[in-house]
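Reading the structure
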Amino acid sequence: MDDQTRMLAGLAGLGGLSQGDIGDPDSVRKQLGQPQQDIGDILQQIMAITDESLDEAQARKHALNCHRMKPALFSVLCEIKEKTVLSIRGIQDEDPPDPQIMRLDNMLLAEGVSGPEKGGGSAAAAAAAAAAGGSPGADGGIEHSDYRAKLAQIRQIYHSELEKYEQACSEFTNHVMNLLREQSRTRPISPKEIERMVAIIHRKFSSIQMQLKQSTCEAVMILRSRFLDARRKRRNFNKQATEVLNEYFYSHLSNPYPSEEAKEELAKKCAITVSQVSNWFGNKRIRYKKNIGKFQEEANLYAVKTAVDAASVSAQASQANSPATPNSGGYPAPCYTPDGRL
DNA sequence: TCGCATGATTTGCG
DNA sequence: CGCAAATCATGCGA
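Residues numbered from 1 in each chain as written. Chains lettered and ligands numbered in written order. Predicted model: local features only at pLDDT ≥ 70, side-chain atom pairs only at ≥ 80, totals over all residues. Heavy atoms only, no water.

1. Some points on the overall build of chain A
Along its length, chain A carries 14 helices and 0 strands. Element order for chain A, N to C, with α for helix and β for strand: α-α-α-α-α-α-α-α-α-α-α-α-α-α. Across the 342 residues in chain A, those meeting the buried criterion constitute 33%. When contacts within chain A are restricted to residue pairs at least 6 apart in sequence, those whose partners lie at least 24 apart make up 72%. On chain A, roughly 21700 Å² of surface is accessible, and the fraction owed to carbon and sulfur atoms is 56%. (Helix = DSSP H or I, 4+ residues; strand = E, 2+ residues; numbered from the N terminus. Buried < 20%, exposed > 50% of the residue type's maximum accessible area, 1.4 Å probe, protein only. Contact = heavy atoms within 4.5 Å. Areas by Shrake-Rupley, 256 points an atom, 1.4 Å probe, with all protein chains shown as cover.)

Okay, structure coming up:
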C-alpha cells in the first residue's frame, strides 16, 4: 500500500465524521493517533476556511501550515492533482515548434527585419530587393534607398514591439510565478504545476508574438509589392535625356553599342541609371533595325544636329562624326532624302 | 477610348 | 554576362 492509496482510503473515511467534530481542537487532538480521520479532519478544516472570517482563516491557515501532517498531505494532494491535471491536458503539454511561426521567422530573417543589426540586415534587404527585381544589374538608385528606408522603419517598429512584448511576458510570468509560489504554501501547487502554468503563459504570449510577426510580414509584403510596382511603372524620359541618347545613337549608327564608360557618362548626362541606358539602346537598336524608314526623319535631324555641333568646333570633325561615314558592318545609315524614303 | 510610342521585363543564345 | 527579340504595361495624343 503506497501513500496515495492510503490517502484515498483516508478520504473515503470522511463520511464518518460528525459535524460536531469539526473545528473542535480537542477532537483534533484526540484523533491525532488515527491517520485516516486525522487527514479527513484537516481536509474538512481546509474546506471550512472560506466560511470563516479573515482573522480566523489566517489563524487556521497558520495552524494548518504548522501541522505535522501538512508536508505529507501537501505532497499527496500535489500528486493527485498532478495525475488528474496530466490526464486532462497531458497531450497538449508537448510544445512542438509551430510551423507557422517558423515560417514567419524565416521570412522576417530573409527580409532582413529580424536577425543581425544594420549591416547584415540591409545586405539581406538588398539581396531581397535584387531578387525581387530579377533583372541583372538593376541598380534602382532612388527607389532602392526609399525601399531600404521603409524597411528600416518596419524593422524598428518590429523590434520595439518585440521588446515590449518580451518585457510584458516576463513581467507577467514573474508575477504569476510569485503568486503561485505564495499560494503553494496554502494550496497544493507543485513546482511542476508552476512550470506548466509558465508554459501556458508563454503559449498565450507567443500567439500575440505571432500576430506581431504576421502583421510585420504583411507590411513587408505590401512594401515590396509597392516597390515592385514603382519599378514596373514606366515614366518617359525627359526631352533633354532623349535628345542626348538619340544624339549618341545616330552619331554612332555604325556601331551603336556604347561602352560601359560611355553608358555611365550618358546615364549621368540624362540623370538615369546605367541599366536604363542599356535598356534604351537595346530598344532603340531593335526598333531602328525593324523599321529604318520610320526613323529616317529622326536620323536626319540628329545627323544634321551633330554635324552642326561638330562644325562649330572643327570642320573635319563633322566628317568623322557623320553617321554615314563609319558604316562597316553597322546598322544601315539613313539617306538624306527629304521625303524620308531610303 | 483607341492606338501607337516607349521604357521595362523576359527569354534564349553564344 | 551582354545582346537580340519578343512581350508586357503604361504614357499620351488624337
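2. Regarding the packing of helix H10 (residues 239-251) against helix H11 (residues 260-270)
Helices that pack against each other are described as a pair by the angle of their axes relative to one another and the distance between those axes. At a minimum axis separation of 9 Å, H10 and H11 run at an interaxial angle of 155°. Taken together, the axes of H10 and H11 are roughly antiparallel relative to one another. As H10 runs across H11, the sense of the crossing is right-handed. Touching Gln240, Ala241, Val244, Leu245 and Tyr248 of H10 are Ala262, Leu266, Lys269 and Cys270, all from H11. (Axes fitted to C-alpha atoms, helices over the stretch in contact; angles between N-to-C directions. Parallel < 35°, antiparallel > 145°, perpendicular 65-115°, else oblique. Left-handed = near helix turned anticlockwise from the far one by under 90°.)

3. Quick word on the protein's contact with DNA strand C
Taken together, 11 residues lie around DNA strand C, and Arg234, Tyr257, Arg285, Ile286 and Lys289 are the ones closest in. When atoms of DNA strand C within 4 Å of the protein are split into backbone and base, the sugar-phosphate part holds 75%. In this structure, a phosphate oxygen belonging to DNA strand C sits 2.7 Å away from a side-chain N or O atom of Arg285. Interatomic distance of 2.8 Å between a side-chain N/O atom of Lys289 and a phosphate oxygen of DNA strand C. With 5 residues, helix H12 (residues 274-290) is the largest single contributor of residues to the surface near DNA strand C. Of the residues contributing to the surface near DNA strand C, the split by class is 3 nonpolar, 1 polar and 7 charged. (Near = heavy atom within 4 Å. Polar contact = N/O pair within 3.5 Å; in protein donor to acceptor, adjacent residues only side chain to side chain. Nonpolar A, V, L, I, M, F, W, Y, C, P; charged D, E, K, R; others polar.)

4. So, the pattern of salt bridges
A complete count under the given rule lists 3 salt bridges for this structure. For Lys164, the salt bridge is made with Glu161, and the minimal N-O distance between the two is 3.1 Å. Here Lys164 and its partner Glu161 are both found in helix H8 (residues 141-183), 3 residues apart, which amounts to about one turn of the helix. Given a relative accessible area of 31%, Glu161 falls into the partly exposed group. (Salt bridge = Lys/Arg side-chain N within 4 Å of Asp/Glu carboxyl O.)

5. Focus on the packing of aromatic side chains
Taken as a whole and assessed by the stated rule, the structure comprises 11 aromatic pairs. A centroid spacing of 6.2 Å and a plane angle of 85° characterise the contact between Phe249 and Trp280, whose relative ring orientation is edge-to-face. With Phe249 in helix H10 and Trp280 in helix H12, the pair connects residues that are 31 residues apart, well separated along the chain. There is no split in this pair, since Phe249 and Trp280 are both buried. By the ring-pair criterion, three or more aromatic residues cluster together here, those being Tyr248, Phe249, Tyr250, Trp280, Phe281, Tyr288, Phe295 and Tyr302. Above the face of the Phe249 ring, Lys284 is positioned so that its terminal group lies 5.9 Å from the ring centre. (Phe/Tyr/Trp six-rings, centres within 6.5 Å; stacked < 30°, edge-to-face > 60°. Lys NZ or Arg CZ within 6 Å of the ring centre and 35° of its normal.)

6. Structural notes on H12
For H12, spanning 17 residues, the distance from its first C-alpha to its last is 24 Å, which sits close to the expected 24 Å at 1.5 Å a residue. For H12, the full list of buried residues reads Val274, Ser275, Val277, Trp280, Phe281, Lys284, Arg285 and Tyr288. (Expected span 1.5 Å × (residues − 1).)

7. Details of the side chain of Thr173
Tracing the chain through its elements places Thr173 in helix H8. Taking the relative accessible area as the measure of exposure, Thr173 reaches 6% and is therefore buried. Within the structure, the side chain of Thr173 is placed 2.6 Å from the backbone oxygen of Cys169, a separation counted as a polar contact. When near neighbours in sequence (up to four residues on either side) are disregarded, Thr173 contacts Val198, Ile201 and His202.

8. Here we look at the environment of Tyr257
Tracing the backbone through its elements, the reader meets Tyr257 in the loop between H10 and H11. For the pair Tyr257 and Phe281, spaced 24 residues apart in sequence, the C-alpha to C-alpha distance is 7.5 Å.

9. With respect to the environment of Arg187
Considering the arrangement of structural elements, one finds Arg187 in the loop between H8 and helix H9 (191-232). Between the alpha carbons of Arg187 and Leu77 there is a distance of 9.0 Å; along the sequence they are 110 residues apart. For Arg187, the residues in contact, after removing those within four places along its chain, are Phe74, Lys81 and Leu180.

10. A short note on unusual backbone geometry
Even without being a glycine, Ala271 presents a positive backbone phi close to 60°. As for its placement among the helices and strands, Ala271 is situated in the loop between H11 and H12.

11. Remarks on the side chain of Ser275
Take Ser275: it is sitting in helix H12. You can call Ser275 buried: its relative accessible area is 19%. A distance of 3.2 Å separates polar atoms of two side chains, one belonging to Ser275 and the other to Thr273.

Functional significance is not addressed by these values, which are geometric in nature.
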